[in-house]
Amino acid sequence: CALGWACWKTYVGRAERDQSRRLAINMLGLGLSSANHHDDALVVKEATLAIMRRLGDSEDNMLAVQSNLANTYEVLGQYERALQMRQEAYSGRVRLNGEEHAQTLRAADNYALSLLKLRRFEEAKRLLRKVAPVARRVLGK
């Protein structure tokens with residue numbers, strides 16, 4: 001957390017497009033989460049994603065931030081918001097990497113776990129039935 005704040009204080013004065021500034025705000029969000037300051041981390045991570053969208057950052061980077069944001073929503077008990085973010089991350093990974101990529105499979109697993117937390121068993125079952133054969137083929141048994 002202290003490292004995140006130090007990074008942010010160092011680079012906050014730079015232009016919004018500056019790579020070091022953008023890395024610093026991301027580090028701040030991750031540091032706040034690690035220190036269990038989840039409410040503060042949520043604000044920072046939501047701002048990070050908004051900045052990335054506004055600046056047209058790479059989809060790969062935005063999907064990583066969405067996954068981190070979904071983790072924070074879950075820790076705060078905001079399971080519906082986490083599910084929405086997980087679904088967007090999974091769809092984005094399929095579009096970006098294809099169904100047979102390890103990151104896509106990880107996103108599918110996270111999405112299924114969010115469905116299970118909300119007791120949406122049939123949806124989770126459908127997703128896992130679709131993804132499991134691909135995971136076995138790609139990752140091995």
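Please refer to the structure placed before this passage.
Below: a short report on this structure. Not measured: the values here are computed from a predicted model. (Residues numbered from 1 in each chain as written. Predicted model: local features only at pLDDT ≥ 70, side-chain atom pairs only at ≥ 80, totals over all residues. Heavy atoms only, no water.)

As for the packing of helix H5 (residues 79-97) against helix H6 (residues 102-117)
Step number 1: Interaxial distance between H5 and H6 falls to 8 Å at its minimum, and their mutual angle equals 155°. Classified by the angle their axes make, H5 and H6 are roughly antiparallel. Here H5 and H6 pass one another in a crossing that is left-handed. Listed contacts from H6 to Tyr79, Ala82, Leu83, Arg86, Gln87, Ala89, Tyr90, Arg93, Val94 and Asn97 of H5 are Gln103, Thr104, Ala107, Ala108, Asn110, Tyr111, Ser114, Leu115 and Lys117.
Step number 2: Class assignment of the residues belonging to the contact of H5 with H6 gives a composition of 10 nonpolar, 6 polar and 3 charged. (Axes fitted to C-alpha atoms, helices over the stretch in contact; angles between N-to-C directions. Helix = DSSP H or I, 4+ residues; strand = E, 2+ residues; numbered from the N terminus. Parallel < 35°, antiparallel > 145°, perpendicular 65-115°, else oblique. Left-handed = near helix turned anticlockwise from the far one by under 90°. Contact = heavy atoms within 4.5 Å. Nonpolar A, V, L, I, M, F, W, Y, C, P; charged D, E, K, R; others polar.)

Notes on the nonpolar core
Step number 1: Grouped together as the largest cluster of nonpolar side chains are 13 residues, with contacts concentrated most on Tyr90, Leu105, Tyr111, Leu115, Leu127 and Val131.
Step number 2: Mapped onto this core, the elements with two or more residues apiece are H5, H6 and helix H7 (121-139).
Step number 3: Here this core takes 6 residues from H6, the largest share from any one element.
Step number 4: Residues contacting Val131, with those up to four places away along its chain left out, are Tyr90, Leu105 and Ala108.
Step number 5: Core analysis: the second largest hydrophobic core is formed by 10 residues, Leu42, Met62, Val65 and Ala82 among them. (Core = buried A, V, L, I, M, F, W, Y, C linked by side-chain atoms within 4.5 Å. Buried < 20%, exposed > 50% of the residue type's maximum accessible area, 1.4 Å probe, protein only.)

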